[in-house]
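Single-letter residue listing:
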Amino acid sequence: MVSVTDRGGGERCVLASTPHEQPMNEPGPPHTIWLKRNHSETTETKKRAGQMDFLRPASWEEALAAKAEHPTAVPIAGGTDVMVEINFDHRRPEYLLDLNRVGDLYEWEVGEETVRLGASVPYTRIMEHLRPELPGLALASHTVASPQIRNRGGVGGNLGTASPAGDAHPALLAAGARVEAESVRGSRLIPIDDFYTGVKRNALAPDELIRAVHIDKADGPQQYSKVGTRNAMVIAVCAFGLALHPTTRTVRTGIGSAAPTPVRARAAEEFLNAELDEGGFWDNGRIITPSVAKQFAELCSAACNPIDDVRGTASYRRHAVGVMARRTLMWTWESYRGTAARTEGVA
Amino acid sequence: MGTTGLPTNITQGSRTKGGIGESTLRPDGTLKVTGEFAYSSDMWHEDMLWGQILRSTVAHAEIVSIDTGEALATPGVYAVMTYDDLPTDVRNYGLEIQDTPVLAHGKVRHHGEPVAIVAADHPETARRAAAKIKVEYRELPVITDEASATAPDAILVHQNRTDHHIGHVPHPNIVHRQPIVRGDVAKARERADVIVEGEYVFGMQDQAFLGPESGLAVPAEDGGVDLYIATQWLHSDLRQIAPVLGLPEDKVRMTLAGVGGAFGGREDLSMQIHACLLALRTGKPVKIVYNRFESFFGHVHRHPAKLHYEHGATKDGRLTHLKARIVLDGGAYASASPAVVGNASSLGAGPYVIEDVDIEAIALYTNNPPCGAMRGFGAVQACFAYEAQMDKLAAKLGMDPVEFRRLNAMSQGTALPTGQVVDSPAPVAELLRRVKAMPMPPEQQWRAAGEAADVRELPGGLSNTTHGEGVVRGVGYAVGIKNVGFSEGFDDYSTARVRMEVVGGEPVATVHTAMAEVGQGGITVHAQIARTELGVTRVTINPADTQVGSAGSTSASRQTYVTGGAVRNACELVRERVLELGRRKFGTYHPAWATAELLLEGGKVVTDAGEVLADLVDVLGDEAVEIEEQWRHRPTEPFDPRTGQGFGHVQYSFAAHRAVVEVDTELGMVKVVELACAQDVGKALNPLSVLGQIQGGTTQGLGIAVMEEIIVDPKTAKVRNPSFTDYLIPTILDTPTIPVDVLELADDHAPYGLRGIGEAPTLSSTPAVLAAIRAATGLELNRTPVRPEHLTGTA
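Residues numbered from 1 in each chain as written. Chains lettered and ligands numbered in written order. Predicted model: local features only at pLDDT ≥ 70, side-chain atom pairs only at ≥ 80, totals over all residues. Heavy atoms only, no water.

*Asks:* I'm lost on the pattern of salt bridges in this one. Help?
*Replies:* Pairing between side chains of opposite charge can happen when the charged atoms of each approach one another. Residues and elements named next belong to chain A. Summed over the entire model, instances satisfying the criterion amount to 70 salt bridges over all chains. The closest approach of N and O atoms between D98 and R56, which form a salt bridge, is 3.3 Å. Of this pair, D98 sits in strand β6 (residues 95–98) while R56 sits in the loop between β4 (52–55) and α1 (60–69); the two residues are 42 residues apart in sequence, bridging distant segments of the chain. As a salt-bridge pair, E85 and R91 come within 3.3 Å of each other at their nearest N and O atoms. (Salt bridge = Lys/Arg side-chain N within 4 Å of Asp/Glu carboxyl O. Helix = DSSP H or I, 4+ residues; strand = E, 2+ residues; numbered from the N terminus.)

Spelled out as structure tokens, the structure:
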């Protein structure tokens with residue numbers, strides 16, 4: 001619960017832990033968060049230990065300037081990751097950079113070949129509006145937490161946190177997304193393959209913010225599967241994304257929660273690309289043989305580098321990734337064959 | 001199920017509207033659903049402080065030093081207290097054995113044990129100040145299982161025990177041991193044509209109530225304290241709190257605050273004493289609210305168990321004998337362990353006729369999290385094991401598992417292994433017959449939609465892991481037996497105060513008890529009883545507090561029986577007084593006042609033939625009739641410490657389940673499609689509440705079957721998943737349809753013939769699901785919960 005009162009030069013906001021408002025004392029208790037209408041005023045107020053400055057840029061340009069001035073600032077949009085960490089006191093950033101007032105982060109553009117997806121577009125929107133263009137990501141969005149969280153969280157947060165368990169990553173890897181990162185120094189597109197650099201680490205520079213994700217519109221069937229130990233609202237034990245790209249006659253994969261970072265199963269992709277190519281599968285639409293599917297699955301399992309933890313054993317994760325790889329391959333390929341058959345019929 | 005969604009076969013209605021047998025609505029129901037109900041965590045007091053507890057970061061260690069200086073110097077902090085600041089020599093508490101330090105004294109025995117407490121003007125200040133307290137630990141080896149607890153050189157978790165169990169336990173790291181020995185197992189074994197053995201493991205389940213531990217202590221001008229608290233038994237708390245504070249019990253006035261679920265987890269104290277200590281120290285109201293993380297450390301859990309079972313049977317399917325050993329892990333403090341041992345052993349044979357039995361149950365002291373009461377209380381763990389055994393025996397004999405159970409089912413008149421002859425209906429065979437006869441859910445419902453598979457109906461749900469590949473259906477059955485009420489000679493009474501007077505021209509009954517309403521619906525039932533007995537429409541239920549005598553615990557499926565019985569008893573006494581008043585005022589006007597059986601109905605005094613003699617408004621006039629009276633069920637007796645013989649339990653409760661599951665056999669994911677239940681409830685006082693209890697208990701049993709488990713590191717005894725992120729409880733998508741078939745066979749010893757119902761469905765739900773998964777996979781599965789690893793050979 002948040003109450004806001006005007007104070008000279010800024011707004012003070014109290015995050016109370018119960019529905020009952022606490023009286024605000026002077027000096028404020030350590031949880032007090034200072035809201036700045038204009039972040040240049042921050043220098044005038046001496047911060048108390050444990051306090052967070054809450055930066056509220058009204059535009060993208062202001063956000064970039066704030067991030068440049070305070071590279072340790074933690075961006076917050078839906079808050080579905082950041083607030084959990086703050087509530088549990090796992091993290092106490094000096095600055096929170098609230099992106100909720102930057103409206104264009106909530107927008108998406110469907111271009112000729114590519115969707116430019118604003119970093120804060122909620123998963124619910126992706127499910128409802130972008131299923132034809134981004135079927136893999138839409139399926140992944142379905143598996144994110146609960147409806148309430150899906151209404152708040154977006155892909156930018158998944159990328160910013162870069163947890164190996166983030167639900168969007170396998171779909172982004174399989175689709176070959178590009179992350180639009182920007183700072184006051186300029187803008188760049190980071191290929192998703194280069195984005196994840198370590199456990200909860202990514203390729204962003206300290207002064208960069210994620211503005212959008214560029215994802216090619218699906219040119220073939222895509223699938224996404226996630227194993228959790230209950231049937232809804234669960235963190236991935238492991239996840240798998242697969243996209244057929246008939247235009248380039250390639251297959252791309254993405255694996256979640258089975259390695260320190262989200263990864264592609266490159267050897268599996270290469271094997272399958274070669275098999276499909278040699279057998280003329282893209283043209284003749286033949287059924288993929290069980291032995292090919294099996295080998296693909298084994299190579300996907302081999303691409304994992306999982307750990308044992310409370311959510312599952314490493315051995316199970318390897319096994320499950322293999323099963324999901326085989327199944328999603330069969331589903332996408334059957335779908336591709338159906339499409340190919342229909343196309344042939346029309347022709 | 002009927003079209004109303006109510007269980008079938010229930011008698012409806014009574015002669016006064018809103019009386020027993022009707023599904024009157026709960027007064028708190030709408031508020032809870034709309035989020036307006038005030039829980040204990042919602043309380044607020046002008047000028048109040050916030051309390052925070054500092055808990056141990058290690059499981060077993062000597063405390064070398066505690067430095068509170070920096071915490072005390074923090075602006076906004078009003079008090080920091082450790083063991084040395086406790087006001088009296090009473091510094092321990094406990095339900096039965098006072099072995100739990102209010103604050104750690106020289107040693108911590110489990111991860112998350114309270115070490116110090118802080119009061120500050122804001123919760124965040126309190127939390128940060130607590131973090132500044134420096135505690136130096138010298139770590140000790142951890143005791144985590146039977147082998148480490150009973151090793152010759154094992155460190156004693158508790159030195160110098162003086163409790164009344166120490167005389168009969170084989171090792172000081174064993175809290176209590178109860179053998180149940182009847183007949184001659186060695187001899188009976190010779191008659192057995194088949195013998196099956198099994199080693200079973202039951203994981204540590206959490207009550208996972210949604211309202212975390214919380215309360216508000218307000219210091220009073222008379223030097224006492226008013227405590228508003230979510231608990232299961234106000235007077236049990238009071239008995240433990242007052243001596244530690246050095247106050248007489250009448251200066252610790254307790255009022256029940258809104259309880260957000262309990263399931264046994266609020267039988268032990270949590271923050272009660274801490275809040276009172278800080279309030280008395282600072283002279284200010286102190287509120288404490290645990291967050292979810294702390295809640296996992298703030299209450300006891302269900303005992304994890306290892307159970308070894310051996311059963312024999314003849315070729316024609318008759319059980320010959322049972323030899324069982326049940327090892328329960330009680331963790332660092334005793335809590336309810338002795339009584340859990342009593343239940344696990346005395347109910348360890350299940351609802352079956354077995355003449356020759358040798359059962360031993362023990363609870364260990366270890367450095368694992370303390371375990372105590374949880375719905376099903378010892379009977380749950382045993383049921384998991386004996387029901388797995390029944391399926392193994394049936395398979396070995398080539399018999400149908402339900403028919404095998406029915407053949408051996410106990411009934412009214414059966415002598416249990418304790419020697420107690422069950423003297424009220426025990427329709428075990430009939431419950432099994434009914435649950436088996438219920439229509440089966442259609443196969444492969446995910447195909448019904450047409451072309452694409454409806455993944456919501458498949459294992460994995462919207463996680464989209466299968467479109468039908470690898471999915472196999474399995475069906476499993478189980479039945480269980482649970483005692484009702486406190487056992488083994490415990491003086492298990494309740495108290496009710498009932499008042500009748502005219503308010504606003506209408507007769508009104510007021511019911512005042514100390515019964516903790518924890519969601520079970522007792523307040524609804526009390527009003528129904530008052531209407532039925534006193535013939536009034538309007539009933540006021542006063543808040544539960546310690547201004548009235550003890551109601552006993554809201555646990556052991558006992559409150560409708562015992563406090564319901566006390567309310568009925570008080571109502572009957574009030575009715576007698578009212579009729580006396582009527583006779584004095586109007587007796588001369590009609591001979592029936594002297595001769596007929598008189599009742600109160602519809603606001604009037606009527607004869608049993610239905611003739612109206614007077615209006616209650618006129619009978620009462622300006623007078624109020626009020627009676628407070630204790631009520632007891634018939635006494636029980638302790639089990640013999642060597643043989644376990646004795647009339648130990650006052651009543652038994654039975655439920656049977658049929659589970660239908662679909663298992664993705666490749667990924668090890670489980671979808672429970674349906675969990676049908678048949679239960680004997682004696683008499684359904686409120687059919688809708690009965691349904692809610694059965695469905696809730698069934699779902700809690702499902703949770704421990706497929707997902708719920710507190711994972712404790714065996715090397716460090718530290719809890720690894722203290723959050724709802726990793727301690728999973730069923731969502732609505734994991735909860736199947738639960739058709740319920742209810743029997744009402746009266747127990748003549750109980751008020752209205754009712755039978756306690758809240759726990760029995762939690763027993764049989766788990767083994768039914770396990771049996772169904774075994775049927776689908778062909779795996780042995782001797783542990784619960786079952787995780788995907790166990791179904792895929794990747795554990």
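*Asks:* Is there a simple way to explain the interface of chain B and chain A in this structure?
*Replies:* Think of interface size as the accessible area that goes away when the parts come together; that is how it is often given. At the junction of the two partners, chain B supplies 49 residues and chain A supplies 46 residues. Of the roughly 4000 Å² buried between chain B and chain A, counting both surfaces, carbon and sulfur atoms make up 52%. The interface formed by chain B and chain A contains six salt bridges. With its nearest N and O atoms 3.6 Å apart, the salt bridge here joins B:R128 to A:D89. If one sorts the elements of the side of chain B that touches chain A by residue count, helix α3 (residues 123–131) of chain B sits on top with five residues. By residue class, the composition of the side of chain B that touches chain A is 19 nonpolar, 15 polar and 15 charged. (Contact = heavy atoms within 4.5 Å. Buried area = accessible area lost by both parts, 1.4 Å probe. Nonpolar A, V, L, I, M, F, W, Y, C, P; charged D, E, K, R; others polar.)

*Asks:* Can you walk me through the packing of aromatic side chains in this structure?
*Replies:* For any two aromatic rings, the description comes down to two numbers: the centre-to-centre distance and the angle of the planes. Evaluated as defined, the whole model comprises 17 aromatic pairs over all chains. Centroid distance B:Y200 to B:F384: 6.1 Å. Interplanar angle 85 degrees. Geometry classified as edge-to-face. Of this pair, B:Y200 sits in strand β10 (residues 194–202) while B:F384 is found in helix α10 (residues 379–397), placing the two residues 184 residues apart along the sequence. Like B:F384, B:Y200 is buried. A centroid spacing of 6.2 Å and a plane angle of 85 degrees characterise the contact between B:Y352 and B:Y386, whose relative ring orientation is edge-to-face. One end of the pair, B:Y352, is in the loop between α9 (337–346) and β18 (356–364); the other, B:Y386, is in helix α10, and 34 residues separate them in sequence. Members of the aromatic cluster, joined through ring pairs, are A:F281, A:W282, A:W333 and A:Y336. A cation over an aromatic ring shows up here: A:R286 above the ring of A:F281, its NZ or CZ 4.8 Å from the ring centre. Stacked on the ring of B:Y290, the Lys or Arg B:R55 has its end atom at 5.0 Å from the ring centre. (Phe/Tyr/Trp six-rings, centres within 6.5 Å; stacked < 30°, edge-to-face > 60°. Buried < 20%, exposed > 50% of the residue type's maximum accessible area, 1.4 Å probe, protein only. Lys NZ or Arg CZ within 6 Å of the ring centre and 35° of its normal.)

*Asks:* I keep staring at the domain arrangement of chain A and nothing clicks. Help me out?
*Replies:* Residue and element names in this part refer to chain A. Here chain A is described as being made up of domain 1 (2–101), domain 2 (104–216) and domain 3 (222–346). In this complex, domain 1 contributes 15 residues to the contact, which on the side of domain 2 involves 17 residues. At the boundary of domain 1 with domain 2, total buried surface from both sides reaches about 1400 Å², with 65% on carbon and sulfur atoms. Among the residues domain 1 hides against domain 2, the three largest losses belong to W60, L64 and T80. Together they make up 42% of the total. The interface formed by domain 1 and domain 2 contains zero salt bridges. The tally of links from domain 1 across to domain 2 stands at six residue pairs in polar contact (both at pLDDT 80 or more). (Domains from an automatic or database assignment. Polar contact = N/O pair within 3.5 Å; in protein donor to acceptor, adjacent residues only side chain to side chain.)

*Asks:* Could you clarify how one ought to interpret a nonpolar patch on the surface in this entry?
*Replies:* Residues A:V84, A:F88 and B:F293 make up a contiguous nonpolar surface patch of roughly 240 Å² in combined accessible area. Within the secondary structure layout, A:F88 lies in the loop between α2 (82–87) and β6. (Patch = residues over 30% accessible without salt bridge, like charges linked within 9 Å, V, L, I, M, F, W, Y side chains within 5 Å. Areas by Shrake-Rupley, 256 points an atom, 1.4 Å probe, with all protein chains shown as cover.)

*Asks:* I keep staring at the sheet that holds strand β8 (residues 114–118) of chain A and nothing clicks. Help me out?
*Replies:* Each strand in a sheet pairs with another by means of backbone hydrogen bonds, the pair being arranged parallel or else antiparallel. Residue and element names in this part refer to chain A. The antiparallel open sheet is built from five strands, whose spatial order is β7-β8-β13-β9-β10. Each of the sheet's edge strands pairs with one partner strand only, and the pair in question is β7 (108–110) and β10 (186–191). The sheet shows a mean angle of 20 degrees between the axes of neighbouring strands, taken without regard to direction. In terms of strand pairing, β8 meets strand β13 (residues 209–216) through five bridges, oriented antiparallel. Each residue of the ladder has a partner; that of T114, found in β13, is D216. (Pairing = 2+ DSSP bridges. Axes fitted to C-alpha atoms, helices over the stretch in contact; angles between N-to-C directions.)

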